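Commentary on secondary and tertiary structure
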Amino acid sequence: MPNQAPLLEASSRVALAAYLHDLGKFAERAALQEDRERIEIHEQSYCRRHEAGGKQWYSHKHAAWTALAWDLIENQFPELVGEDVAPFAAWGDRDADDSVVNAAARHHKPETPLQWIVATADRVASGFEREEFQGYNDQSAESALGHDHFTTRLLTLFEGIRVNSFQQKRADWRYPLKPLSVETLFPQLASECEGKDRNKASAEYRSLWETFKKSLQAIPKSHRGQWPLWLDHFDSAWSAFTQAIPSATWKVKAEVSLYDHSHTTAALATALWRYHHDRGDDLTETGKALADFQRPDWGDDKFLLIQGDFFGIQDFIFATGGETQRQAARLLRGRSFYVSLLTECAALKILETLALPPTSQITNAAGKFLIVAPNTDGTRAKLDQVRRELDQWFLDHTHGIAGIGIAAQPAACNDFLSGKSDGESPFQKLITRLFDQLQDAKARRFDLCGQQPPAPVFDGFLDAFDSAMGVCAIDGRSPATASIPNTSGKYACDLALDQIRVGKQLAHRQRLLVTRSALPGNEDQGLRTPIFGYHVYFTDAEEVSGKFGEQARNGNLRRAWDFGLPEKKTDTLFRGYAKRFINGYVPTFGELNPYDDDRYAGIDSDDHPTPDHDEPKTLTHIAHDDLILNEDHRFKGARALSVLKGDVDNLGRIFESGLARPTFAKMSALSRQMNQFFAVWLPWHCANHAPSTYTVFAGGDDFFLIGPWKSTMKLAADMRKEFTAYVAQNPEIHFSAGLAMVKPKLPIRALGEMGEEALEKAKKRTGKDGVTAFKYTVGWSEFDQLFDHAATLDQLASEFNLSTGYVYGLQYLADMAEDLVSGNARLESSLWR
């Protein structure tokens, strides 16, 4: 492959210009005390001038603030001055028309082709018809709800979703204007965080701005020399500090954040520029067409929306061999993390093959991702190449058990229009085509019947087995390659050994490096098997590894991801590195006390040697964590686990038709926010309130947890309560869940099957929104009542010293009473009276 670095760097500069086109909205609302003369000069250059009644004024003043704010933070960017700043003009002179900052700030007054590309992407991301965009972003006007652009706080998309109808209601909920944290994920009542005091509102913006500026200094300086690496970090910083800033307030509901609008605009602008660049189009003619109010080229399919979807997740996570049960806890967590890792690396492979920056990736959650690329012959040919490479990797290492389906959907600017309030919009139709394309791709797994099928998976398969090591004791099918740590005479394949290593590293590490070539001397922290050509390493804190500066400077370091959980609910979710919410919570033993010796008494010491405090708990130990110390100082209760599996009801309908006027930015925001409840809040909650719970996987719209039997039932109720608050009390957004009580030594595949069976039963409830436990399905309010009844029964049993047999007798009588009204009653049930 020819050197893609110059093209990737040029694409990254276009992405940054588009990404920060609305930087001024942040700065203006912060009312920065900068040189007012400079603002007036910038107004003349970047804002629209109006004349009436002998007076003149400027609108869209945030564009002038974009230019000013750019100057204030540019020293934290990669180099943007000099000869090599393609596709922009080389400039030591800051007044060059085609400079990067001009492309960003002139999006309401575009003149050059590059400026028109950014302006067009801005309009497309917003989904505006031609006539709507004239007034868009004129922040001198009042918002739709009577506030100005200083005092308006971001609405939540969840409140407005209607699966069954589009009846309008009062918007009561807002997001507080604070950095992203576990706490600020949740909306608040408008009365709690939105007022009409402009000075107070501006002070909140100013505090946020200063914290944002300081956070940029945490990005390692050595990473600025690699555009994609730095841009990935910057995207996470921008997300953490602008996810609660309304992107627009005038004549529209303030329900799209500055982050989501910025990100989608950057992706669209990059693809738009690359479409014309890669085809060798005359940029001057391109600019003329984009500047034409009639939009003559808005029907051309210039974009290619690339979707990826990991299939076979259940089979991948619950694959079993003879040694699986001993390694169950590490394997479950390691395999789940590995699914996210494979998906991230697949997206990275596509981005790098197409020379696209990280901002071209719109979503990546729960084994799915979406990338915006230029729709050219070259793009499609390279995408086919990547698809074949991914297929071959999965066939070689999983023998077809799992894979990543890739679908590509062409789209035109007109396809992103939100349309009118009545009828299906063009963007809704595009979403439907996206869903259909992905389903088709999943049905054509590995393209085995295509013109270029992958190499036969079983060629040389039997010859790969070592007679001394035999078959992998973990997955039960692959050739074993090395011994399993801390076992005698047990062997596994490289992939299984990596999954065990991941499960162990998650309890100790918080960062991950992705490199092109191996890092000598770091084998213990690295995975044995390269993933799609990338080497993956877990790492200590940055102080230990010198911020990985040398690897960044020489281009070997492609990504550096922070996947650590926050310690406090108020901790900002940005710590100088690109954030990936792909790490669930792993319970460890912690500091054991004398009581724990009795709690864990009877556990086979051969299978479970004395644990270190920072070791992950085994499922057998977790099964003992709900035992209760009675008055005789003896532990009592059931030694059992609960498997909890669930997902959001009607998710397809929510995305396809839940929003009255969907746009690309809204879809991106909805996907991001849905994922954050399960991928951010849930692991944090487990770590702090359900510390013996394994998050096998949690993200997107679903979750799979294993914990002590009774505590996990309480966790399910807590999740439902918190999710209701998270979606602004919207009764049309809810999830169903299945609970299964199991013994800890049950094979892990059986755990998955029992959880899935219980969830399927819950999904059959009319209206869904329920939970299945002990093979009974009830609504969540009923589930809460049963918990209250159980607490009352516990209290009465203790107060009157009732025996277990007596309580079971009461339950037996209750079952007889229920049988009488079942319609097929047994005669003996009448004896309950």
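Residues numbered from 1 in each chain as written. Predicted model: local features only at pLDDT ≥ 70, side-chain atom pairs only at ≥ 80, totals over all residues. Heavy atoms only, no water.

1. Points about the packing of aromatic side chains
A full pass over the atoms with the stated rule returns 50 aromatic pairs. On the basis of an interplanar angle of 80° and a centroid distance of 5.6 Å, the ring pair of Phe303 and Phe416 is categorised as edge-to-face. Here Phe303 is found in strand E5 (residues 303–311), whereas its partner Phe416 is found in the loop between strand E8 (403–411) and helix H16 (426–443), with 113 residues between them in sequence. Judged by relative accessible area, Phe416 falls into the buried class, the value being 0%. These aromatic residues form a ring-pair network of at least three members: Phe158, Phe186, Phe677, Phe678, Trp681, Phe703, Phe723, Tyr726, Phe735, Trp780, Phe783 and Phe787. Residue placement shows Lys349 over the ring face of Tyr534; its charged tip is 5.9 Å from the ring centre. (Phe/Tyr/Trp six-rings, centres within 6.5 Å; stacked < 30°, edge-to-face > 60°. Helix = DSSP H or I, 4+ residues; strand = E, 2+ residues; numbered from the N terminus. Buried < 20%, exposed > 50% of the residue type's maximum accessible area, 1.4 Å probe, protein only. Lys NZ or Arg CZ within 6 Å of the ring centre and 35° of its normal.)

2. Overview of the pattern of salt bridges
What the rule picks out here adds up to 38 salt bridges. A salt bridge links Asp278 to Arg274; its shortest N-O distance comes to 3.1 Å. Remark: Arg274 and Asp278 occur in helix H11 (residues 258–279); sequence separation between them is four residues, near one turn of the helix. Residue class for Asp278 comes out partly exposed when judged on its relative accessible area of 33%. Taking the shortest distance from any N to any O, the salt bridge between Arg826 and Glu828 comes out at 3.4 Å. For Arg826, a relative accessible area of 41% translates into the label partly exposed. Each of Asp232, Glu344, Arg559 and Arg580 takes part in salt bridges that share partners, so that together they form one network. (Salt bridge = Lys/Arg side-chain N within 4 Å of Asp/Glu carboxyl O.)

3. Here we look at the sheet that holds strand E20 (residues 735–742)
Ordered in space as E18-E19-E17-E20-E21-E22, the six strands form an open sheet in which the pairing is mixed. The open sheet terminates on both sides in strands that have one partner only, identified here as strand E18 (694–699) and strand E22 (776–779). Within the sheet, the average angular offset between the axes of one strand and its neighbour, ignoring direction, is 15°. By the bridge criterion, four bridges tie strand E21 (residues 770–773) to E22 in an arrangement that is antiparallel. The residue of E22 that forms the bridge with Thr772 is Thr777. On the sheet, helix H24 (residues 709–726) packs against strand E17 (641–648), strand E19 (702–708) and E20 and is oriented at approximately 145° with respect to E19. In the packing of helix H26 (residues 780–799) onto the sheet, the strands contacted are E20, E21 and E22, and the crossing angle to E22 comes to about 105°. (Pairing = 2+ DSSP bridges. Axes fitted to C-alpha atoms, helices over the stretch in contact; angles between N-to-C directions. Contact = heavy atoms within 4.5 Å.)

4. Points about the pairing of E5
Burial within E5 is extensive, with nine of its nine residues counted as buried. Burial of the side chains of E5 extends over both faces: Phe303, Leu305, Gln307, Asp309 and Phe311 are buried on one face and Leu304, Ile306, Gly308 and Phe310 on the other. Of the pairings in the sheet, the one linking E5 to E8 comprises nine bridges and is antiparallel in character. The residue of E8 that forms the bridge with Phe310 is Ile404.

5. What about the sheet that holds strand E6 (residues 361–365)?
Ordered in space as E6-E7-E5-E8, the four strands form an open sheet in which the pairing is antiparallel. Each edge of the open sheet carries a strand with a single partner, namely E6 and E8. Pairwise comparison of adjacent strand axes, ignoring direction, gives a mean angle of 20° for this sheet. One ladder, built from four bridges, connects E6 with strand E7 (residues 368–374); its direction is antiparallel. For Asn364, the partnering residue across the bridge sits in E7 and is Phe369. Its contacts with the sheet place helix H15 (residues 377–398) against E5, E7 and E8, and it is angled at close to 165° to E8.

6. Observations regarding a nonpolar patch on the surface
A cluster of nonpolar side chains, Leu793, Tyr806, Leu810, Leu813, Leu820, Val821 and Trp832, forms an exposed patch at the surface whose accessible area comes to about 620 Å². Residue contributions to the nonpolar patch peak at four residues, all from helix H27 (residues 804–820). Mapped onto the fold, Leu813 is located in helix H27. Residue classification places Leu813 among the partly exposed residues on the basis of a relative accessible area of 35%. (Patch = residues over 30% accessible without salt bridge, like charges linked within 9 Å, V, L, I, M, F, W, Y side chains within 5 Å. Areas by Shrake-Rupley, 256 points an atom, 1.4 Å probe, with all protein chains shown as cover.)

7. Some thoughts on the nonpolar core
The biggest cluster of nonpolar side chains holds 137 residues, and the ones touching the most others in it are Leu16, Trp70, Trp209, Phe234, Trp238, Phe416 and Met719. Top contributing element to this core by residue count: helix H23 (residues 664–689), with 12 residues. (Core = buried A, V, L, I, M, F, W, Y, C linked by side-chain atoms within 4.5 Å.)

8. Side note on the environment of Asp647
Here Asp647 is to be found in strand E17. A residue is classified by how much of its surface remains accessible, and Asp647, at 18% relative accessible area, is buried. For the pair Asp647 and Arg765, spaced 118 residues apart in the sequence, the C-alpha separation amounts to 14 Å. If we ignore the near neighbours within four places in the chain, the residues touching Asp647 are Asp701, Asp702, Phe703, Phe735, Ser736, Leu759 and Lys763. Among the polar contacts made by the side chain of Asp647, one reaches the side chain of Lys763 at a distance of 2.4 Å. (Polar contact = N/O pair within 3.5 Å; in protein donor to acceptor, adjacent residues only side chain to side chain.)

9. Things to note about the environment of Phe316
Note on placement: Phe316 falls in helix H13 (residues 313–317). Residue classification places Phe316 among the buried residues on the basis of a relative accessible area of 4%. With 20 residues separating them in the primary sequence, Phe316 and Ser336 have C-alpha atoms 8.7 Å apart. Among residues more than four places away in sequence, those in contact with Phe316 are Phe310, Arg335, Tyr338, Val339, Leu342, Thr398, Ile401, Ala402, Leu495 and Gln499.

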